[in-house]
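# Architecture at a glance
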Amino acid sequence: MKRRITAIVPAAGVGRRMLADRPKQYLMIAGKTILEHTIEALLSHDDIEQVVIAVSEGDPYFATLPLIHDKRIVIALGGVERADSVQSALALIEHDGWVLVHDAARPCLTQKDLTQLIQVAMATDQGAILASPVRDTMKRGTPNGVETTVDRVNLWHALTPQMCSVSMLRTSLHSALSAGAVITDEASALEFCGYKPKLVLGRADNIKVTQPEDLALAAFYLQQRGE
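Residues numbered from 1 in each chain as written. Predicted model: local features only at pLDDT ≥ 70, side-chain atom pairs only at ≥ 80, totals over all residues. Heavy atoms only, no water.

### As for the nonpolar core
Formed by 31 residues in total, the largest nonpolar core has its most connected members in L35, I39, L42, V51, F62 and L100. Looking at this core element by element, the count peaks at five residues for helix α1 (residues 34-43). With residues up to four places along the chain from it excluded, the contact list for V51 reads A7, V9, I39, L42, L43, R72, I73 and V74. Membership of the second largest hydrophobic core comes to 20 residues, among which are A54, A76, A89 and V166. (Core = buried A, V, L, I, M, F, W, Y, C linked by side-chain atoms within 4.5 Å. Buried < 20%, exposed > 50% of the residue type's maximum accessible area, 1.4 Å probe, protein only. Helix = DSSP H or I, 4+ residues; strand = E, 2+ residues; numbered from the N terminus. Contact = heavy atoms within 4.5 Å.)

### With respect to unusual backbone geometry
The omega angle of the peptide bond from T160 to P161 is 10 degrees, so this bond is cis rather than trans. On the secondary structure map, P161 appears in strand β10 (residues 156-165). At A30, a position not held by glycine, the phi torsion is positive, near 50 degrees. Topologically, A30 is positioned in the loop between β2 (28-29) and β3 (32-33). Relative accessible area serves as the criterion here: at 65%, A30 is assigned to the exposed category. Unusually for a residue other than glycine, N154 sits at a positive phi of about 70 degrees. Tracing the backbone through its elements, the reader meets N154 in the loop between β9 (145-150) and β10.

Given below as structure tokens:
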């Protein structure tokens, strides 16, 4: 029997570093918002039956998108922090299958990477994340300058989606947040609870649009794929 998979997209962020007149997920690339590209990448996969999008209260942009008419999309009320938005979305999932969480501002996710993540996550009880190896020399710095060079062996850039069972993510987020742990992504909540999520090699062009120059780069990657 095919296990059910729901994707969660936290989309309540403001994205101040973009210096734009709206949250970064609503900036345009090739006639569509970043959020539309992101959601289409998820819903194009045969294994994903539903996407829960967490948007901020009073968001004036989402309701103007064609996405609002897709019956596979459910809207949750986003929170102040990413983890709050994910918990809000989790509360709307009515099955005990699988969940993956993907950044709203990562529009360049490929179907191949998504398939590999799903396969690995379903074969383990630890969860799994897309990640790419660190390529550059890493420095740890202070306001006074470089403190030390960090060995990049076994260092990875954590990407999204990140995937595990619905119950695992619910329990891990609740436990970590109740203990006051700093949760920067879903894997960090799993790690707090003793799990060791599997690393699934993902494409380095699965970038998160964070700063103004990232917008042109994401547009280039999407254009190269004919999107």
